[in-house]
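# Descriptive structure summary
Given next are the chains, with one letter for each unit.
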Amino acid sequence: MKKTWFATAALFAITAVAHAEEDPPMNRIQFIGTHNSYHIAPSPKVHKLIESFAKGEGDAINVTQRPLQEQFGKLGVRQIELDLFADPKGGLYSDPLGARLVSEGEKNPDPAWKEPGLKILHSPDFDFRTTVPTLRKALREMVTWSSANPKHEPLMVLLELKEQSFSPRIRPHPFDDAQLKALEEEILAEVPEKMILTPDRLRGDTPTLREAITTRGWPKLSEAAGKLIFCLDNEGAIRDRYLALSPNKDLQGRLLLVSVPPEHPAAAWMKRNDPVGGFEEIRKLVAAGFMVRTRADAELKEPRTKDASRFKKAVDSGAQWISTDAAEELPDFPGYKVRWENGRVWQHTRMENVPSNQ
């Protein structure tokens, strides 16, 4: 009887551990993301034009990503990045100068470019090609895929709000308070609020977001299933303007998480793009319970040289979102890709000192 009881107890203990491993808190696992997730490489003629006035810039952006739903479904990507330009009147980016200069006549044909609203592209007039021209279309694609896969792991959507242009012809509209609110309005127009893991949901009844994250911790994987998390890539003035939309600058009532210093009351996730130089800092942030996004490669340098050392450093840092330009082996860069083994969507962090916060 004692042996039978011991064996049964041991079986229950093993089962409990297995279930815990299958349903970890979000900050205990790592996902692969993509950089400039909407991007289509410039045409050969425009690429040559870019190189003629900015050596190396054309080569650094010479990559094409799959459509968003293919990234989610076929590549297991769970973090994307979208560059947004305000276009409140519509049409500002519909007739790119670069195409005209090389006589390609490559106007942006989608009528959505003429409509008012936030546009997705890397840089006006020259690096303008995209798989999805507007934020609202991108959000519809996310919701469509999410609704068809309701138990999917949480999807992090990183939004970079751009106010500058290398083109002398176009002066982008600033992201003032009105445009920041318009951003949230566009999100809520396409994404049911219940699908969004907002700062308020993470905070709960805890006084600050930071306190909630560092004490109660992040939701478990099952609790965050089917959710979208919107994060603001910008730091500095745009971030501060967004924080100021909350009475106490703590993201109360807002939709996006922001990258702030770890002592800030709104601290939850941090952007630390360099996992080599920032390795120890990332480890400390992750150990404190924060989520971190970093990059496995930059400007296509690592894919070009088949150098996976930066990716390894990102993994070892414990950063939960690791972004790449090559979530699959690309035609121009054979022998390099950033994926988990066996086609997995996520893996456990390898840091023994990452707290569970449970």
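Named according to an unreviewed UniProt entry, the protein chain is Calcium-dependent phosphoinositide phospholipase C originating from Luteolibacter yonseiensis.

### Observations concerning the pattern of salt bridges
Summed over the entire model, instances satisfying the criterion amount to 22 salt bridges. Of the charged contacts, one joins Arg66 and Glu328 as a salt bridge, the two residues approaching to 2.7 Å between their closest N and O atoms. Here Glu328 lies in the loop between β9 (321-324) and β10 (346-348) and Arg66 lies in the loop between α3 (57-60) and α4 (68-75), a separation of 262 residues in the sequence. Its salt-bridge partner being Asp95, residue Arg100 comes within 3.4 Å of it at the nearest N-O pair.

### Quick look at the packing of aromatic side chains
Where two aromatic rings form a pair, the distance of their centres and the angle of their planes describe that pair. Inspection of every chain in the model, using the stated rule, returns four aromatic pairs. Taking the centre distance of 5.9 Å and the plane angle of 35° together, the rings of Phe311 and Trp340 count as tilted. Here Phe311, found in helix α13 (residues 309-317), pairs with Trp340, found in the loop between β9 and β10; they are 29 residues apart in sequence, far enough to count as distant. Look at Trp340 and you get buried, because its relative accessible area is 7%.

### Describing helix α2 (residues 44-53)
Taken residue by residue, α2 has Val46, His47, Leu49, Ile50 and Glu51 as its buried positions. Buried residues belonging to α2 abut α3 and α5 (97-101).

### A look at the pairing of strand β1 (residues 29-34)
Within β1, six of the six residues are buried, which leaves it mostly tucked inside the rest of the structure. Along β1, one buried face is formed by Ile29, Phe31 and Gly33 and the opposite face, lined by Gln30, Ile32 and Thr34, is buried too. Taken together, the three bridges between β1 and β10 define a ladder with antiparallel strand orientation. The partner of Ile29 across the bridge, within β10, is His348. As defined by bridge partners, β1 adjoins β9 across four bridges and the pair is classed as parallel. Each bridged residue has a counterpart across the sheet, and for Gly33 the counterpart in β9 is Ser323.

### Some points on the layout of surface pockets
By volume, the largest pocket amounts to about 490 Å³. Taken together, 20 residues make up the lining of the largest pocket; nearest its centre are Glu57, His122, Ser123, Ser165 and Phe166. Looking at the lining of the largest pocket, the elements that each hand over two or more residues are α2 and β4 (155-162). If one sorts the elements of the lining of the largest pocket by residue count, β4 sits on top with three residues. Within the lining of the largest pocket, the residues separate by chemical class into 10 nonpolar, five polar and five charged. In this structure, the second largest pocket occupies an estimated 390 Å³ of space. Considering the residues around the second largest pocket, the lining is formed by 20 residues, among which His35, Asn36, His122, Arg295 and Glu299 are closest to the centre. Of all elements in the fold, only α3, β2 (79-85), β4 and β8 (291-295) reach the threshold of two or more residues within the lining of the second largest pocket. In terms of residue class, the lining of the second largest pocket is built from three nonpolar, six polar and 11 charged.

### A look at helix α6 (residues 135-148)
Taking 1.5 Å of rise per residue, the 14 residues of α6 would be expected to cover 20 Å, and the 20 Å separating its terminal C-alpha atoms lies within 8% of that figure. Turning to α6, its buried residues are Leu135, Ala138, Leu139, Met142, Val143, Trp145 and Ser146. Each buried residue of α6 sits inside an arc of 165° when the element is viewed along its axis, so together they form one side. Exposed residues lying more than 90 degrees from the buried face of α6 are Ser147 and Ala148.

### Details of empty space enclosed by the protein
Summed over all chains, the structure comprises one cavity of 30 Å³ or more. Forming the walls of the largest cavity are Thr34, Gln65, Arg66, Leu75, Asp325, Ala326, Ala327, Glu328 and Leu330. Grouping the constituent residues of the lining of the largest cavity by class yields four nonpolar, two polar and three charged.

### Quick notes on the packing of α6 against helix α7 (residues 177-190)
As a packed pair, α6 and α7 sit with axes 9 Å apart at the nearest point and diverge in direction by 35°. Considering the relative orientation of α6 and α7, their crossing is right-handed. Packed against α6, whose contacting residues are Leu135, Arg136, Leu139, Arg140 and Val143, the element α7 presents Leu183, Glu186, Ile187, Ala189 and Glu190 at the interface. Broken down by class, the residue content of the contact of α6 with α7 amounts to six nonpolar, no polar and four charged.

### A closer look at the side chain of Lys227
Tracing the sequence through the fold places Lys227 in the loop between α9 (209-216) and β5 (228-232). For Lys227, which is buried and forms no salt bridge, the nearest opposite charge comes from Glu193, at a distance of 9.4 Å.

Parameters and conventions
- Residues numbered from 1 in each chain as written.
- Predicted model: local features only at pLDDT ≥ 70, side-chain atom pairs only at ≥ 80, totals over all residues.
- Heavy atoms only, no water.
- Salt bridge = Lys/Arg side-chain N within 4 Å of Asp/Glu carboxyl O.
- Helix = DSSP H or I, 4+ residues; strand = E, 2+ residues; numbered from the N terminus.
- Phe/Tyr/Trp six-rings, centres within 6.5 Å; stacked < 30°, edge-to-face > 60°.
- Buried < 20%, exposed > 50% of the residue type's maximum accessible area, 1.4 Å probe, protein only.
- Contact = heavy atoms within 4.5 Å.
- Pairing = 2+ DSSP bridges.
- 1 Å grid on protein atoms, 1.4 Å probe; cavity = no way out; pocket = protein on both sides within 12 Å on 5 of 7 lines; lining within 4 Å.
- Points joined across faces, edges and corners; volume = space filled by probe spheres on them.
- Nonpolar A, V, L, I, M, F, W, Y, C, P; charged D, E, K, R; others polar.
- Expected span 1.5 Å × (residues − 1).
- Arc of directions from axis to C-beta.
- Axes fitted to C-alpha atoms, helices over the stretch in contact; angles between N-to-C directions.
- Left-handed = near helix turned anticlockwise from the far one by under 90°.
- Lys, Arg positive; Asp, Glu negative; His and termini not counted.

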